[in-house]
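# Reading the structure
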Amino acid sequence: MFAVPENTVLSAVRVAPQQPTKIVREVAADRAGWAHLLRYDPAERWTALIQSTPDYEVWLMSWLPGQGAELHDHGGAEGAFTVVHGVLTELVGRPGRAGQALHVLRAGQSRVFGPNYVHQMRNEGDDPAVSIHVFGPTRQRMTPYRFDPVAGPVTA
């Protein structure tokens, strides 16, 4: 049987036109709509807002080698992201459960996340990476976490 972790399932309020994977793939495919915004920051991961609607926001992010986002959630937001260039490594944890899942995402690969998703992303490669993220309803304040070997992710 195929098990789907609950932190990767979108809430029931989503309807087909608002599916975050559909949105993120359409935006990624329209490179002319965001390529002019792309920048790289030598000090930290760089972000830019591409679209904002009452239902969701779409963000462009660039990651130089070694840059990342520490373990966090999205404050109840749900959504998806896709890698459009390079390779990103994602470490996912589930609060209340020990263990972690590691995903290596290459250009063209996407992940969806539910409202209780806790993860860490890094560019561990030798080349820059670019990703596009959709958050619904908006990009909420990120709650920082740390990994506890018994309890899994706990708020920092």
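Whatever comes next refers back to the structure up there.
Residues numbered from 1 in each chain as written. Predicted model: local features only at pLDDT ≥ 70, side-chain atom pairs only at ≥ 80, totals over all residues. Heavy atoms only, no water.

It is worth spelling out a nonpolar patch on the surface at this point. Where nonpolar side chains cluster on the molecular surface, the patch consists of V87, L102 and V104 and spans about 240 Å² of accessible area. Relative to the elements of secondary structure, V87 occurs in strand β5 (residues 87-93). (Patch = residues over 30% accessible without salt bridge, like charges linked within 9 Å, V, L, I, M, F, W, Y side chains within 5 Å. Areas by Shrake-Rupley, 256 points an atom, 1.4 Å probe, with all protein chains shown as cover. Salt bridge = Lys/Arg side-chain N within 4 Å of Asp/Glu carboxyl O. Helix = DSSP H or I, 4+ residues; strand = E, 2+ residues; numbered from the N terminus.)

With respect to burial, strand β4 (residues 78-85) is a largely interior element, 6 of its 8 residues being buried. Judged from the 7 bridges that link them, β4 and strand β9 (residues 129-136) form a sheet pairing that is antiparallel. Looking across to β9, one finds that A80 is bridged to V134. Sheet topology note: the β4/strand β7 (residues 110-113) ladder contains 4 bridges and is antiparallel. Each residue of the ladder has a partner; that of A80, found in β7, is V112. (Buried < 20%, exposed > 50% of the residue type's maximum accessible area, 1.4 Å probe, protein only. Pairing = 2+ DSSP bridges.)

Turning our eyes to something else, we now look at the sheet that holds strand β3 (residues 68-72). With antiparallel pairing, 4 strands are arranged side by side in an open sheet as β3-β8-β5-β6. In this open sheet, the two edge strands, each paired with only one partner strand, are β3 and β6 (100-106). For this sheet, the mean angle separating the axes of adjacent strands, direction not counted, is 20 degrees. As judged from the 3 bridges shared by β3 and strand β8 (residues 118-122), these two strands associate in the antiparallel manner. Across the sheet, residue A69 finds its bridge partner in β8, namely M121. (Axes fitted to C-alpha atoms, helices over the stretch in contact; angles between N-to-C directions.)

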